[in-house]
Amino acid sequence: MLLDTASLYFRAFFGVPDSVQAPNGMPVNAVRGLLDFITRLVDEYEPTHLACCWDNDWRPQWRVDLLPTYKSHRVVTARPGDAPDIEEVPDPLEQQIPIIVATLEAFGLPVVGADHFEADDVIGTLATDAGMPVDIVTGDRDLFQLVDDDAGVRVLYTARGVGRHERVDNTWVRERYGVDADQYAAFATLRGDSSDGLPGVAGVGDKTAAVLLNRFGDLPAIIAAAKHPEGDMGPGPRGKIKAALDYLAVAPKVVAVARDIDLGTPDLRLPRSPADPEMLAAIAQQWGLTSPVERLTSVLST
């Protein structure tokens, strides 16, 4: 089980009332919500291995160099020099992130990230050739590109809430978008995605993107048909694709999830008891998290 951790703690922050507070009055709704999400998922799916995948770099410079609009709307302010961009995160959530990290570490739940890469890339690497079935827990559609029925890779999609998540396999993707999962990255490139600052090809929406991919198979074939005077493509789509060739030369590299980054050899076996019981007890007492800590401890031990 691979957790898109930021996706889950953002959902917890906005879904759990901020009246959930520590004894000192500080909100801990994101911490409590995330712990309860993990408890629910582990209880339901009983994974043998689990990774809390982390954004060491939420907006990698190499992606920005290729496509400057990438996530640009989520940058708080421009930073001088070579300082990294800062993601817009509500202050009451920002102050909970160190508590989340400390709590996960006290449980012994592995937090896995890689410099210059997003959690999506960590997930893509761990999900590829994993040697076992993989459930990816996320509210991010980008990760649909990793769905692989033959390899047993699916997405537990939390857009409607963790308690109402959907099990995404290739049939689900095709029924929803009209393309196969291995075409989803090309589909997103063509139609764009405002949540990631992807402009897409002007005039190409979901329907046209699906039609083109079903006819030609992939982006290189679509581009080749658009460039060929006698290619099997109507004048409307041809003009739109040709007008977007500069974008199409870089966007696929931005959209594609990395699958081969160096993560070392993390031990992802699900712990059956906390790694640091004393630290976990101290965290639970200080931040008023006794109940969610006890619930997750109990589920891990069964």
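Each remark here, short or long, concerns the structure printed above.
Residues numbered from 1 in each chain as written. Predicted model: local features only at pLDDT ≥ 70, side-chain atom pairs only at ≥ 80, totals over all residues. Heavy atoms only, no water.

*Asks:* Can you walk me through the overall build of the chain in this structure?
*Replies:* Within the chain, the regular secondary structure consists of 14 helices and six strands. Over its C-alpha atoms the chain spans a radius of gyration of 21 Å, differing by no more than 12% from the 19 Å that the globule rule assigns to 302 residues. When the backbone C-alpha atoms are referred to their principal axes, the chain occupies close to 70 × 45 × 35 Å. When each of the 302 residues of the chain is scored for burial, the buried share is 49%. Considering only contacts within the chain whose residues lie at least 6 apart along the sequence, 67% involve residues at least 24 apart. Once the 27 positive and 45 negative side-chain charges of the chain are each reduced to a mean point, those two points are 8 Å apart. (Helix = DSSP H or I, 4+ residues; strand = E, 2+ residues; numbered from the N terminus. Rg over C-alpha atoms; globule rule 2.2 N^0.38 Å. Buried < 20%, exposed > 50% of the residue type's maximum accessible area, 1.4 Å probe, protein only. Contact = heavy atoms within 4.5 Å. Lys, Arg positive; Asp, Glu negative; His and termini not counted. Charge placed at Lys NZ, Arg CZ, Asp CG, Glu CD.)

*Asks:* Help me out: how do you make sense of the environment of T128 in this one?
*Replies:* Relative to the helices and strands, T128 resides in the loop between α6 (119-127) and β4 (134-138). Distance from T128 to V153, taken between C-alpha atoms, is 8.6 Å for residues 25 residues apart in sequence. A distance of 2.6 Å separates a polar side-chain atom of T128 from the backbone oxygen of G124. (Polar contact = N/O pair within 3.5 Å; in protein donor to acceptor, adjacent residues only side chain to side chain.)

*Asks:* Help me understand helix α13 (residues 277-287) in this model?
*Replies:* The periodicity of an α-helix, 3.6 residues per turn, causes residues three or four places apart in sequence to face the same way. Every buried residue belonging to α13 is among L280, I283, A284 and W287, and all of these are buried. Seen end-on, α13 carries its buried residues on one side only, within an arc spanning 95°. Residues of α13 that are exposed and point over 90 degrees away from its buried face: E278 and Q285. The elements touched by buried residues of α13 are α5 (97-107) and α14 (290-301). G288 lies just past α13 and shows a positive phi near 65°. (Arc of directions from axis to C-beta.)

*Asks:* For this particular structure, what's the right way to read the pattern of salt bridges?
*Replies:* Close approach of charged atoms lets side chains of opposite charge pair. All chains considered together, the criterion is met by twelve salt bridges. E44 serves as the salt-bridge partner of R167, at 3.0 Å between the closest nitrogen and oxygen. You can see R167 sitting in strand β6 (residues 166-168) and its partner E44 sitting in helix α2 (residues 29-45), a full 123 residues away along the chain. By relative accessible area, which is 45% here, R167 ends up partly exposed. R154 serves as the salt-bridge partner of D135, at 2.5 Å between the closest nitrogen and oxygen. Pair noted here: D135 is in strand β4 and R154 is in strand β5 (residues 153-157), with a separation of 19 residues, a long-range link. Residue D135 is classed as buried on the basis of its relative accessible area of 13%. Exposure remark for R154: the relative accessible area of 27% places this residue in the partly exposed category. (Salt bridge = Lys/Arg side-chain N within 4 Å of Asp/Glu carboxyl O.)

*Asks:* Looking at this structure, I do not really get the pairing of β4. What am I missing?
*Replies:* Side chains on a regular strand alternate between the two faces of the sheet. When you tally the buried positions in β4, you get five out of five residues, the bulk of the element. With burial as the criterion, each face of β4 is covered, one bearing V134, I136 and T138 and the other bearing D135 and V137. Across two bridges, the pairing between strand β1 (residues 2-4) and β4 is parallel. Of the residues in β4, the one forming a bridge with L3 is V137. (Pairing = 2+ DSSP bridges.)

*Asks:* It is not clear to me how the nonpolar core should be interpreted in this structure. Could you clarify?
*Replies:* It is characteristic of soluble globular proteins that their nonpolar side chains tend to be buried jointly. By size, the foremost hydrophobic cluster in this structure holds 59 residues, and its most contacted members are L2, I136, F144, L190, I222, I241 and L248. Residue contributions to this core peak at six residues, all from helix α8 (residues 184-191). Among all residues touching F144, those that are not within four sequence positions of it are V155, Y157, V168, W172, V173, Y177, A181 and Y184. If you look at the next biggest cluster of nonpolar residues, it comprises 45 residues, including M1, L41, L50 and V137. (Core = buried A, V, L, I, M, F, W, Y, C linked by side-chain atoms within 4.5 Å.)

*Asks:* Please explain unusual backbone geometry as it appears in this structure.
*Replies:* Phi is mostly negative for residues that are not glycine, and the peptide bonds are mostly trans. The backbone phi angle of E46 is positive, close to 50°, even though this residue is not glycine. Along the chain, E46 falls in the loop between α2 and β2 (51-53). Here E46 falls in the exposed class, since its relative accessible area comes to 64%. With a phi close to 55°, K71 is a non-glycine residue in the positive phi region. As for its position among the elements, K71 is in the loop between α3 (61-66) and α4 (91-94). A relative accessible area of 6% places K71 in the buried class.

Function cannot be read off these values alone, since they describe shape.
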